[in-house]
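This is what each chain is made of:
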Amino acid sequence: MKGWTLFPHLVVRTTGFPFDWLERLGCPEAARAARQLASARRELEALKAQGPRVKRPSRAVLSALKAGRPVDIEGMESPELFAEWNDRARAAQEAEATFHAAMKQESLAVEDALRALRQEPRFLEAVASSSPPVARDLLEGRDGARLRRQVASYLQRMCAKNETMGFFGPINYGRADAAAPTGVTLRWSGPEVLTGRNTFAASWLVQGLVRAIAFDPEVAAWLVLRRKAFAEVPSRKTLPAPESAEALLPRLVEAVDGTRTLAGLASSLGVAPGMAREAARMGCEKGLLTHQLEVPAATHHPVDDLAERVAGLPCSAARRHVEGLSALLALMAGYGAADAAGKMALQAAFAKRANEQWGVAPPSERGPASESHNFYQDRLALREECGGDLRLEAGGERARELVTRLEPALAWMGAAARRTREAARTTVAELVGARTVPFWKVAAAYSDRPVPLDGSVAEVLAGAVGDASARCADLGLVTPPSLDGDAKALSLVTSIDLLVGARDVEAWSRGEYELVMGDVHDTALVWGWALQFHEARGRVESAMVRALGALSRPVPLVTVLASRRTGLLPSEFPGPVVELGGVSARASAWRLPLDDLFVESDGTRARLVSKRLGSEVCLYNGELDSLVHTAFSLPRIRPLRVSLGEHTPRLTLGGVVVQREQWRLSQAEREALLAGRDDSARLRAAVSVWSERGMPDCVFAKFKDERKPVLVDVRSPPLLRVFLNLLEQKEEVILSEMLPSPDQLWLRSASGGRHTVELRCTLMWGSESAAGARE
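Values in this document were obtained by computation on a predicted structure and should not be read as measured data.

Looking at this structure, how should I read the overall build of the chain?
Looking only at helices and strands, one finds 25 helices and 28 strands in the chain. Over its C-alpha trace the chain gives a radius of gyration of 31 Å, about what one expects of a compact globule, namely 28 Å for 775 residues. By its C-alpha atoms, the chain is 115 × 65 × 60 Å across when sized along the principal axes. A separation of at least 24 residues holds for 75% of the contacts in the chain among residues at least 6 apart in sequence. Accessible surface, the chain as shown: approximately 33300 Å² in total, 50% of it carbon and sulfur. Distance from the positive charge centre (99 side chains) to the negative charge centre (96 side chains) of the chain: 3 Å.

Just checking my understanding: could you explain the environment of Leu 665 for this structure?
Inspection of the secondary structure puts Leu 665 in the loop between β22 (662-664) and α23 (667-675). Separated by 67 residues in the primary sequence, Leu 665 and Glu 732 place their C-alpha atoms 8.4 Å from one another. Ignoring any residue separated from it by four or fewer positions in sequence, one finds Leu 665 in contact with Arg 670, Leu 673, Val 689, Arg 693, Phe 723, Leu 727, Val 733 and Leu 735.

Could you clarify how one ought to interpret the domain arrangement of the chain in this entry?
Often, the extent of an interface is quoted as the loss of accessible area on bringing the components together. Looking at the chain, the domain boundaries give domain 1 (31-144) and domain 2 (200-364 + 376-384). For domain 1 versus domain 2, the separation of C-alpha centres amounts to 62 Å. Of the roughly 720 Å² buried at the junction of domain 1 and domain 2 (both faces included), carbon and sulfur atoms supply 66%. Three residues stand out in domain 1 for area buried against domain 2, namely Glu 125, Ser 129 and Pro 132, and they jointly supply 51% of the buried area on that side.

Can you help me understand the sheet that holds strand β13 (residues 557-560) in this one?
Two orientations exist for strands paired in a sheet by backbone hydrogen bonds: parallel and antiparallel. In spatial order, the strands read β14-β13-β18; together these three strands make up an open sheet with parallel pairing. Each edge of the sheet is formed by a strand with only one pairing partner; in this case those strands are β14 (577-578) and β18 (618-619). Relative to β14, β13 runs parallel, the two sharing two bridges. Residue pairing in the sheet places Val 560 in a bridge with Val 578 of β14.

For this particular structure, what's the right way to read the nonpolar core?
Nonpolar side chains in soluble globular proteins tend to be buried together. Ranked by internal contacts, the top residues of the largest apolar core, which has 81 residues, are Leu 205, Leu 225, Leu 252, Leu 325, Phe 439 and Phe 632. Looking at this core, the element that brings in the most residues is helix α8 (residues 203-214), giving seven residues. When neighbours within four sequence positions are excluded, Phe 439 is seen to be in contact with Leu 594, Leu 597, Phe 598, Val 599, Leu 608, Leu 619, Val 628 and Phe 632. Within the second largest apolar cluster, 67 residues are counted, among which are Leu 124, Val 134, Ala 686 and Leu 726.

Please explain the packing of helix α24 (residues 679-693) against helix α25 (residues 717-729) as it appears in this structure.
Angle between the axes and distance between the axes: these two values describe a pair of packed helices. Relative orientation of the contacting elements α24 and α25 amounts to 80 degrees, with a least axis distance of 10 Å. The angle between the axes of α24 and α25 places the two elements in the roughly perpendicular class. Side by side, α24 and α25 meet where Asp 679, Arg 682, Leu 683, Ala 686 and Trp 690 of the first sit next to Pro 717, Leu 720, Arg 721, Phe 723 and Leu 724 of the second. Of the residues assigned to the contact of α24 with α25, the class counts are seven nonpolar, no polar and three charged.

Please explain the pattern of salt bridges as it appears in this structure.
In a structure, side chains of opposite charge can pair up when their charged atoms sit close to one another. Applying the stated criterion across every chain, the model contains 58 salt bridges. Arg 175 serves as the salt-bridge partner of Asp 177, at 3.6 Å between the closest nitrogen and oxygen. A network of salt bridges, in which partner residues are shared, links Arg 421, Glu 422, Arg 425, Glu 600, Arg 605, Arg 607 and Glu 616.

What is the right way to look at unusual backbone geometry in this model?
Excluding glycine, a negative phi dihedral is what most residues carry, and trans is how most peptide bonds are arranged. With an omega of 0 degrees, the peptide bond between Leu 739 and Pro 740 qualifies as cis. Phi is positive for Asp 705, which is not a glycine, with a value near 75 degrees. By the secondary structure assignment, Asp 705 is in the loop between β23 (698-703) and β24 (710-713).

Rules used throughout
Residues numbered from 1 in each chain as written. Predicted model: local features only at pLDDT ≥ 70, side-chain atom pairs only at ≥ 80, totals over all residues. Heavy atoms only, no water. Helix = DSSP H or I, 4+ residues; strand = E, 2+ residues; numbered from the N terminus. Rg over C-alpha atoms; globule rule 2.2 N^0.38 Å. Contact = heavy atoms within 4.5 Å. Areas by Shrake-Rupley, 256 points an atom, 1.4 Å probe, with all protein chains shown as cover. Lys, Arg positive; Asp, Glu negative; His and termini not counted. Charge placed at Lys NZ, Arg CZ, Asp CG, Glu CD. Domains from an automatic or database assignment. Buried area = accessible area lost by both parts, 1.4 Å probe. Pairing = 2+ DSSP bridges. Core = buried A, V, L, I, M, F, W, Y, C linked by side-chain atoms within 4.5 Å. Buried < 20%, exposed > 50% of the residue type's maximum accessible area, 1.4 Å probe, protein only. Axes fitted to C-alpha atoms, helices over the stretch in contact; angles between N-to-C directions. Parallel < 35°, antiparallel > 145°, perpendicular 65-115°, else oblique. Nonpolar A, V, L, I, M, F, W, Y, C, P; charged D, E, K, R; others polar. Salt bridge = Lys/Arg side-chain N within 4 Å of Asp/Glu carboxyl O.

Pasting the structure below:
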């Protein structure tokens, strides 16, 4: 094995709005005065606790001490006792006066910034793309505490976090070439310049269209069915004569051969077309059958694809459906260029047309049973993805460092992934017992069981932290495990979001930068939908296929295609494919039926086997974090997670920050933060907690059960409102430093605005040579 290799093509994700816009919502002078005031108050408390005892102090003295005011020393026998107290009390009074004056003045500036933001066309368009109700309130001039909080929440998301969403989260590209001269070059026209805008229908809508059109009585007669996930015919030993669709289903599954229409099948089975249609619908819903109108899961433009498929049907109903789909496509064509009001109108018109003609409604309108809680679930009928013109080239040492600096962390994550996989296989074996069971039954029974995550790596790394109170700890003295030694070891594939902290791109080019590990993914993400705006998409995808093909594979690797549920399309990697929910996009796919896969277990060890291949097989990963998938997929790379309680230092390994400095709030701190009833009180309380804990101004708050963290700037009353609103609802929160920090945001537009940016890199372990990663 040649160790880790970096796929040379990168996805570069940026924000469409500058970080500077967030800073307009800050009260920096008020925060500075609040820090001075908090420091003075702490010093007064220390003096009160340590100062000399005064015999029979007057009521006025006690009142002044309790309130933290200067003591009136006129006529006192020993006025020198209160000299230091009075100096510090006056300093506190001055700080408080300065705070109130600054807060009053800066709050007016914040309100002006919020009013200007509500009039900003691009911001309104971005909000309309995410939440039409909020955008409608803004366009109609509504106001209120909740709406202001929503505006701040959307702004922090659009200015501080890299998400692939619309023009405010455009997709850009880069390349790492170790053979090129050392340095970093950048070409970027700014966030307003886009190379493309693609509008997509939500997955739930596409699936609804396919169901409605396919089982239109006139269309259904022309459906050509084939078996999908299951090859074997369901048992019909005790079933009665086919007097119902359910009873007919086994016979229908047995009869389909991928060539005959449903009308022909109904005739040969001697059943009414309506019963055959209902049985076919039932078979498709159960994943037993599919047909020529089902859109492949990885198709980028499913409505266009569906229209082309329906156009081939020789019936008048098909013409009606094609006309309806063409009307939907016309609405989609105008979405990218529309402003906020136009986008909302198009969303409404699109959803109305889909509902009136085909009866397709959003999941939220179908009752609680159909609602999905997936973070990436499409809520709106339409969504947009955009391409930016940023192109980045990292050459020579800058390119090599993207691998060499990561290797120690990757070694630890790889070891943890292997141990977790083995523990998961053991757990599944104990659950199954000594027998052979169809894989689909094992998945249905045990996928919701907890994954036995390996904790030994985190324990070793935590033990290497010498001082838990330190700001930063280097874990480099701990020797990372070796991933070599097993010739039959499974390959490792991961995509890591890397963040670079530098003064500017020239500093990064010279090597004056900090590398930070962001999100860690278990699969190759420089692929498929992420390359939709790439100038040489086909060539890059071909290079990725070769890179994956160069990986050692002691057993066949299988893609399990789930149904298309979100805007993130499932990937179909090289090798056999199981059409579990979706169908293959390949013209001639190497298909395996789901019932060909079995779990063989002796009660202590389990493995996944294919009867047709006569071999053990392994699944590709696809960010499916379940017990069964973990047990039988490639070892899933997960991020390193080390917690030392209320405070964990920033952890560095091999020249990379693998975990940012983080804090957990105590109950007393929570109560102090939530006690404030206005912006002044909230800012003072937050500044006090931040100062006590040594936190930087900007941190990210990750709440339990919330998919994404929120940025908190302790100087910003609007962002504090967002944070405290969540804190009031949630029991657990982890605060972590914003890193790169605001002064390390090297990507700047022509106007000087700073933008957050991350490099999504795919790395692989297990190649016999690095040739697979080259073009």
